[in-house]
Amino acid sequence: MRKARIYYNNQLAGILSRSGGKYIFAYDETYLSTAGSRPVSLTLPLRKTPYESDVLFPAFINMLSEGANKALQTRLLKIDEQDYFGLLLATSSGDHIGPITIKEDNATT
């Protein structure tokens, strides 16, 4: 299982994971109980029940490069062009426009 911590304005908002071909996004309980917390996307409203999908959620796939930039990144990083989760982890941990930051979660489960 691969996991990433999703931050909203430097506050842990939830965990995105991929296991067995399924993507799962679950909001952090502390984030949900904090007044003023906002959803990471309009397509992922705040809720306790995790979201599941066969494809990477649009809120995260939209953070990836396309076209020639994507081809260059995948070649330089030696990541398969179809490994959206791997590309997201490799390219989305730095500064971005907007409040979302993604960091790989290397903790053993």
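A brief look at the structure comes next. (Residues numbered from 1 in each chain as written. Predicted model: local features only at pLDDT ≥ 70, side-chain atom pairs only at ≥ 80, totals over all residues. Heavy atoms only, no water.)

1. Concerning a nonpolar patch on the surface
Taken together, the side chains of Leu72, Leu76 and Leu77 present a nonpolar region at the surface, about 280 Å² in accessible area. Secondary-structure assignment places Leu76 in helix α3 (residues 67-77). Residue Leu76 is classed as exposed on the basis of its relative accessible area of 60%. (Patch = residues over 30% accessible without salt bridge, like charges linked within 9 Å, V, L, I, M, F, W, Y side chains within 5 Å. Areas by Shrake-Rupley, 256 points an atom, 1.4 Å probe, with all protein chains shown as cover. Salt bridge = Lys/Arg side-chain N within 4 Å of Asp/Glu carboxyl O. Helix = DSSP H or I, 4+ residues; strand = E, 2+ residues; numbered from the N terminus. Buried < 20%, exposed > 50% of the residue type's maximum accessible area, 1.4 Å probe, protein only.)

2. Some remarks on helix α4 (residues 84-91)
Every buried residue of α4 is accounted for by Phe85, Gly86, Leu87, Leu88 and Leu89. At its buried positions, α4 is contacted by β1 (2-8), β2 (11-19), β3 (22-27), α2 (58-61), α3 and β5 (100-104). (Contact = heavy atoms within 4.5 Å.)

3. Topic: the pattern of salt bridges
The full count for this structure, using the stated rule, is two salt bridges. Asp83 is the partner of Arg2 in a salt bridge, and the nearest nitrogen-oxygen pair spans 3.4 Å. Of this pair, Arg2 sits in strand β1 while Asp83 sits in the loop between α3 and α4, and the two are 81 residues apart along the sequence. For Arg2, a relative accessible area of 33% gives the class partly exposed. The partner of Asp54 in a salt bridge is Lys22, with the nearest N and O atoms 2.7 Å apart. Here Lys22 lies in strand β3 and Asp54 lies in the loop between β4 (51-53) and α2, a separation of 32 residues in the sequence. Given a relative accessible area of 55%, Asp54 falls into the exposed group. On the basis of relative accessibility, which here comes to 33%, the residue Lys22 falls in the partly exposed class.

4. Thoughts on unusual backbone geometry
Across residues other than glycine, the phi torsion is negative in most instances, and most of the peptide bonds are trans. Here Asn9, not a glycine, exhibits a phi torsion of approximately 50°, which is positive. For Asn9, the location among the structural elements is in the loop between β1 and β2. Even without being a glycine, Lys78 presents a positive backbone phi close to 55°. With respect to the helices and strands, Lys78 occurs in the loop between α3 and α4. Using a relative accessible area of 76% as the deciding quantity, one classes Lys78 as exposed.

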